[in-house]
There are 2 protein chains.
Amino acid sequence: MTSLIHDASAALTERPSGHTSQLSEQGKAVRMRALTLLGLGTLFLTTSCKDSHIDNLEERSRLSDEVSLWPLPQQFQTSPVAFKLSASRFKIVHAPGSTAGPSCSLLQNAFRRYFKYIFGYVNEQGQPRSRVFDSELRELQVLITSTDPECDAYPSLKTDESCKFAVVFLTAFVVVFVVLGLETFSQLVYEDDYGVNNINKTSILDYPRFSHRGILLDTSRHYLPLKVILANLEVMAMNKFNVFHWHIVDDSSFPFLSRTFPNLSQQGAYHPYTHVYTPVDVKSVIEFARMRGIRVIAEFDTPGHTQSWGKGQTDLLTPCYSGSSPSGTFGPVNPILNSTYDFMTSFFKEISSVFADAYIHLGGDEVDFSCWKSNPDIQKFMEQQGFGQDYSKLESYYIQRLLDIVSSTKKGYMVWQEVFDNEVKLKGDTVVEVWKMNMVEEELQNVTGAGFTTILSAPWYLDYISYGQDWKNYYKVEPLSFNGTPEQKKLVIGGEACLWGEYVDATNLTPRLWPRASAVAERLWSDENVKDIGSAYSRLEKHRCHMVRRGIPAEPLFVGHCGHEYSGL
Amino acid sequence: MTSLIHDASAALTERPSGHTSQLSEQGKAVRMRALTLLGLGTLFLTTSCKDSHIDNLEERSRLSDEVSLWPLPQQFQTSPVAFKLSASRFKIVHAPGSTAGPSCSLLQNAFRRYFKYIFGYVNEQGQPRSRVFDSELRELQVLITSTDPECDAYPSLKTDESCKFAVVFLTAFVVVFVVLGLETFSQLVYEDDYGVNNINKTSILDYPRFSHRGILLDTSRHYLPLKVILANLEVMAMNKFNVFHWHIVDDSSFPFLSRTFPNLSQQGAYHPYTHVYTPVDVKSVIEFARMRGIRVIAEFDTPGHTQSWGKGQTDLLTPCYSGSSPSGTFGPVNPILNSTYDFMTSFFKEISSVFADAYIHLGGDEVDFSCWKSNPDIQKFMEQQGFGQDYSKLESYYIQRLLDIVSSTKKGYMVWQEVFDNEVKLKGDTVVEVWKMNMVEEELQNVTGAGFTTILSAPWYLDYISYGQDWKNYYKVEPLSFNGTPEQKKLVIGGEACLWGEYVDATNLTPRLWPRASAVAERLWSDENVKDIGSAYSRLEKHRCHMVRRGIPAEPLFVGHCGHEYSGL
C-alpha cells in the first residue's frame, strides 16, 4: 500500500487538474485510489475496541463553523484542510479485506440513505461535468473487521458498542457501528458558498458512554400510523439512539394484532382494521429499526394498565365490586385464576417469537389496589396466601409467576421500578427502569446496590411540556450523580426519553419529540464532561436544521432560522 | 311558491322512487325543486339583520351524536329527520332573486371549497348510479339580499356581522356571511354507517357575539412560509375567525419587502430571497383571506421592537452610548430626527396602499428607555421639550407624530395598550389591544371608560404552553367580566389569540395553534351562556377530527382517536 500512496501523492497538485475524461482508464483508477488514500488520513474509524488508540487525537478540537456534530464524539481532531465531494463521483465502497460486502443489505441500505442525506436526491452517474480538483474526496471506504460482521443479526445490549469508530476510512468491528459512523460522516459534510459539498480533514474516535439509549413511544393512548413510527426511527438514528421502547398497549387501546388472541385487538383497538399493527407492520418496524442499529423492545404492561385487554379476553381482568355485587367495571389482571397464567403463557410465547430482541418489557407500574380490595374472591385468596392486607404482596405474587413464564421463553425482561421496590425476585440480567421523579438518586443507589442493571427515564418525560427551552433541563441531567461504588455506576446502562401519548398523535408527535430528545441523546452518548450549554446550543441549533433539511419537522430551539426551512405543513 | 311546495310534497313518498333517469326532464326539474323546497324548512339563513326572527327556533337543542358544531350557533333547532346527500347530484346554487351570481368568484370559490370538504375529492358528474331516495337533499340555495352583495369588497369591522344567517336555504345579506354559513352547513353533514353523507333537518339562526375575532401570527422571530400562513387562514375560516393580525416584522427580522425601502428586507430579513414576503405574496395572503371573510391587519410595531429595521435604514434607530461615546448598538426608533418622520411618512404611505384593510396596527409596546437615556442628543431634546426625566413623554411624542402621519393616509389604527396608558391623544375610532395579564379588568374599564374600542388578547397568549388541557383556561375567559356600563361593554369588540414566534415555525405552528385557538373562537362567537366545559369538550373533540380530516394537523385534546387520522408526518 505504501508504494501506492507514494505514487498517488506524486500525482497530486494544488491546482485543478482539468477534465478527468482526458485521463486514460488506468490513470483514472490510480487517481481515485490516490484520493481515497489521501482521505485515509482525514476521517477514519479504528479497527477494534476500546483498547486501541488513535495517535495524536486531541479531544474536542474546534470545529469549523459550518459543521455541527451531535452527539459530540468522544475524541476528534479537525483541520482547515477541506476536500470537495462530487455527487457524480463520490462512492461509499467496501474496503479490501472487509468481512462485509455488497450482499450485506444493511450496509447497502445505509449507503443509499446517507448518500441521499449528503447529496439530496441528485444521483447522476456518468462522466464528470466539471473540472476535477485535487482536493476531492472520491471514496469513503468501509472496513468491517469482525469475522462475523453481524449483517443479518439484530442489535442487542451485548453488541459491544464501546468499540471505537471514526469516520475516509470508516472502520468498524461489526456493521451497526458503520451505520453510526455514516451519520457522523454525513454531519461533517457542509456546503461552501458555491453550494459545493465539503468535508474537512478530521479524525474521529467514537463510542457511546451508555449502551442503552432509548425513546419510548406510546401507541395506546393515541394510535400512531406506521409512517410516524418509521420516521421517528429515522430521526433516532440521526441522534444515535439505539432502543425503541414500544409501549404498544395500555388501558386506552390494544392495537397489537395477536395471532393467538386476535380478539384482543378486534375488540380492544380503537378500530380493528385502521388502528392496529398487523404482524407485517410489526416486522417492518423491527427490520426498519435493525437497518439503523436500533433494538425494538416491546412493552406489554401488566397487571395494571390493562383495561383494553379485557374487552377481547373474558375473565382476564378482576371484576370490581360495589358492596356485595359486581359493579360491572374491571380492575387489574385477575391474579388468582389459573386461566390468567394459561393466557399469559400462550400470549408471551407469541410475543417472544414476534419480537426479536432478547428483552421484553413487562411493565408492572402503577397498580391500583382498590378493585382488588373490593372483590371477595380476591379477599379470600389474600387470606389463604397469608398476605394480610398487603396488596403489594398480591401484585408481587402475580409478577413473580409472570416472570417465570417469560423466563421460560428464553427472553430477558425489563420492568418499571415498582417491581423492584416490591421485592419481587428478579433474574440477574433484569433491567429496572427508574421513572419516579421523587428520590431518583436513592432508587438508583438501591437498584444498583442490589446488583441490578438499570436505566433512567425519570428526568426525561418529554410529554411534560413547558414554555421555553426545556431541552436544557434534560441536557443537564447527570445519570451517575448518585452515591455508589464504581461497580454500581457501571450497572447504569443508559436511559430513555419517554413521550407518553395522552397529548400526542401523528399531528404533533415529531416536532414535540425533536430536538428535545436530542438533548438526551448527547447526554447518553458523549463524555460526561460534555456539558457546556452554550456550545450545546450552537451545535444543537445546527443539528436541528440538519434534521429539518432531511424533511423532519424538528421544532426550533429559539428565535432564528434554517437555510432550508421545513417544507411540509 | 306555495303551490309549488304543495305540488312537490304530493310527489314525495317515504320509499325509494326508482331511478330518476326514468323521469322526464320536466319531472326531474319538478322533483329537484320539490326537494329543495322541502329542504327550505330544514336549514336556512334569514334574509336580514338582527331584528328579524325565525319562528319556533329553540336555543341549543340536542344535536345528533355524529354532528359537532363549533363554534356553537346562537340559535338552532334540529330533528331526527335525515336527508341524504349524493356527491353526483348535490349542488350549491344561486337562488332566484339573489343579488350575487356565478360571476361572484368569492362565492364560487367557497362553493368549491365546501363541496370538497363535504364530499372529499369525489366529484362525479353524470347519471346517478344508485337509487334515489325521497329524503335526499339535492340543492343548497344561496340567496344574497343586499343590493350590494360586496362580492369584491374587503371584509371590514363595519361589515355588519350581526346579520343573522342560518343554513337548505342559505340566505345572507352579503356574501361573506354565506361563507360562514357554508362552514356551518358542512359541519352539519355526517356519514352514516354506510358512509353516506347525511344531514338532519335543522334550523339555524346565527351571528357572532363579537365582531373582531383574531389570530396573531409572528413572522419575524421565525419566518413562516406562505403555505403555512394560507393553511392557517383556512383553519381560521373553519373556526369563524375573521381577523388575521399579521405581526409581520420585529427585532429579529424584517421579511416584508417594501418597494419604497427595499433595503429593509434586503438587509433585515433572515435571507433577502428565501425569507421575505414579496408584494405578490402579500397580495395573495390578502386575497386568500378575503375569500374566507378574513381581514388582514398588518402590524408595523414602532418605536421598540425595531432592531431589524436598523440594518437597512441608516439613522433610523437611536445610537446607544457607553459613557460619552456611541457603543455601536442601537435602541428604539430615533424620535428626535426629522428624517425619522420623513421615513415613516413614505413608509406608511406604501403600507396603507399595500394592505387593503381600513386599519393598521402600529404597535407601541415595550419600549426600553435605557438607550434613549444614554444618548446625549436625546437628553438635550428632552430638556428642550421640557419632558424632564419622563421618557414615556418622549415615547408619546413619537407616537403622536406617527399617528398623525398614519391618519393622513386615511387609515384607522390599532395600538397595544401602552399607547393608551401613556395618554397619547388617540382618534376616536382607535382600537386599543389589551395584552398585559396584570390588571386586565382595570385596563378594560379604563380604556372603555375613555370611550375607546378595545380588543382583548391578554388571556390568550397561546405561545405559553403547558402540560394538559390548557384550552379550558382559554375557554373560561369572559371578556366582559369587568366593571362597566353597558355602553362600555359594547366597546369591547372582540379579542385575539396570539401565537408569538419565539418557539414556533413551520415545523410546529399548526398543531400548537389548533385546536387551542378554537376555544377562543367559540368564546368570541357564541353566546356568553355557552360555557359548559363538558359539552365543549365533546364538540371540540369532534371539531378537531373534522379539521384533521380536512388535512390539518390539529393536535389531540386528550386520549382518543379520530375515524380518519392525520396522514401527514
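These figures come from a predicted structure and were not determined experimentally.

*Asks:* Pulling in residues and values, what's your account of the overall build of chain A?
*Replies:* The helix and strand inventory of chain A stands at 19 helices and 16 strands. Looking at chain A as a whole, 60% of its 569 residues qualify as buried. Accessible area of chain A: about 22,200 Å², with a carbon and sulfur share of 50%.

*Asks:* Explain the state of the cysteines residue by residue, including any values.
*Replies:* All names here are of chain B. With the rule as written, the count across this model stands at six disulfides over all chains. What pairs with C545 in a disulfide is C562, and their sulfur atoms sit 2.1 Å apart. Where C545 bonds to C562 through sulfur, the torsion about that S-S bond is close to -85 degrees, and the disulfide is left-handed. With a gap of 17 residues between them, C545 in helix α19 (residues 533-549) and C562 in the segment after α19 connect regions that are remote in the sequence. Comparing C545 with C562 shows no difference in burial state: the two are buried.

*Asks:* Account for the nonpolar core, with residues named and values stated.
*Replies:* Among the nonpolar cores identified, the biggest contains 287 residues, and F300(A), F355(A), F300(B), F347(B) and F355(B) are the most heavily contacted of them. Grouped together as the second largest cluster of nonpolar side chains are eight residues, W372(A), I378(A), M382(A) and L394(A) included.

*Asks:* Describe the sheet that holds strand β13 (residues 412-416) of chain B, listing the residues and the values that go with them.
*Replies:* Residues and elements named next belong to chain B. In space, the eight strands of this closed barrel follow the order β7-β8-β9-β12-β13-β14-β15-β16, with parallel pairing throughout. Pairs of neighbouring strands in the sheet enclose a mean axial angle of 25 degrees, with direction left out of account. Pairing of strand β14 (residues 431-434) with strand β15 (residues 453-456) involves four bridges; the strand directions are parallel. Across the sheet, residue E433 finds its bridge partner in β15, namely I455.

*Asks:* So what about the UniProt feature "active site" (unreviewed entry) in chain A? Which residues, and what values?
*Replies:* All names here are of chain A. Taken from the UniProt record, the annotation "active site" (unreviewed entry) applies to E366. Topologically, E366 is positioned in the loop between β12 (359-363) and α10 (370-374). Apart from residues no more than four positions distant in its own chain, E366 is found in contact with H305, E418 and W435.

*Asks:* Please give an account of the sheet that holds strand β1 (residues 75-85) of chain B that cites residues and values.
*Replies:* In any sheet, the strands associate via hydrogen bonds between backbone groups, in a parallel or an antiparallel arrangement. All names here are of chain B. Here three strands make up an open sheet; going across it, the order is β1-β6-β5 and the pairing antiparallel. One side of each edge strand has no neighbouring strand; the edge strands of this open sheet are β1 and β5 (190-191). Sheet analysis places β1 next to strand β6 (residues 197-205), joined by eight bridges and oriented antiparallel. Looking across to β6, one finds that T78 is bridged to T202.

*Asks:* Describe in detail the pattern of salt bridges, supporting the description with residues and values.
*Replies:* Per the stated rule, a full pass over the model turns up 32 salt bridges over all chains. Here D250(A) and R221(A) are joined by a salt bridge, their closest N and O atoms 3.4 Å apart. With D250(A) in the loop between β8 (243-247) and α6 (263-268) and R221(A) in the loop between β7 (212-218) and α5 (226-238), this pair connects stretches of sequence that are 29 residues apart. Accessibility assignment for this pair places D250(A) and R221(A) in one class, buried. Of the charged contacts in the structure, one is a salt bridge between E234(B) and R113(B), with a shortest N-O distance of 3.6 Å. For the pair E234(B) and R113(B), one class covers both residues: buried.

*Asks:* Which residues make up the relation of the copies chain A and chain B, and what values go with them?
*Replies:* Relating one copy of the chain to the other takes a rotation about an axis and a shift parallel to that axis. Rotating chain A by 180 degrees about the axis while translating it 0.0 Å along that axis superimposes it on chain B, leaving an RMSD of 0.0 Å. Those values place the two copies in the arrangement expected of a two-fold rotation axis. Across chain A, the rotation axis passes nearest the C-alpha of S466(A), at a separation of 2.3 Å. A share of 100% of the interface residues of chain A reappears at the interface of chain B, consistent with the copies meeting face to face through the same patch.

*Asks:* Tell me what's going on with the packing of aromatic side chains, and back it up with residues and numbers.
*Replies:* Each pair of aromatic rings is reported with the distance of its centres and the angle of its planes. For the structure on display, the rule yields 80 aromatic pairs over all chains. A centroid spacing of 6.0 Å and a plane angle of 35 degrees characterise the contact between W70(A) and Y475(A), whose relative ring orientation is tilted. For the pair W435(B) and Y461(B), a centre-to-centre distance of 6.3 Å together with 15 degrees between the ring planes defines the contact as stacked. One end of the pair, W435(B), is in the loop between β14 and α14 (440-449); the other, Y461(B), is in the loop between β15 and α15 (471-476), with 26 residues separating them in the sequence. Directly above the ring of W525(A) sits K240(A), whose terminal nitrogen or CZ lies 5.6 Å from the centroid. Positioned over the ring face of Y117(B) is R550(B), at 4.0 Å from the centre of the ring.

What counts, and where the lines are drawn
- Residues numbered from 1 in each chain as written.
- Chains lettered and ligands numbered in written order.
- Predicted model: local features only at pLDDT ≥ 70, side-chain atom pairs only at ≥ 80, totals over all residues.
- Heavy atoms only, no water.
- Helix = DSSP H or I, 4+ residues; strand = E, 2+ residues; numbered from the N terminus.
- Buried < 20%, exposed > 50% of the residue type's maximum accessible area, 1.4 Å probe, protein only.
- Areas by Shrake-Rupley, 256 points an atom, 1.4 Å probe, with all protein chains shown as cover.
- Disulfide = S-S within 2.5 Å.
- Core = buried A, V, L, I, M, F, W, Y, C linked by side-chain atoms within 4.5 Å.
- Pairing = 2+ DSSP bridges.
- Axes fitted to C-alpha atoms, helices over the stretch in contact; angles between N-to-C directions.
- UniProt positions renumbered as here; feature names shortened; annotations may be inferred.
- Contact = heavy atoms within 4.5 Å.
- Salt bridge = Lys/Arg side-chain N within 4 Å of Asp/Glu carboxyl O.
- Least-squares fit on C-alpha atoms with pLDDT ≥ 70 in both.
- Phe/Tyr/Trp six-rings, centres within 6.5 Å; stacked < 30°, edge-to-face > 60°.
- Lys NZ or Arg CZ within 6 Å of the ring centre and 35° of its normal.

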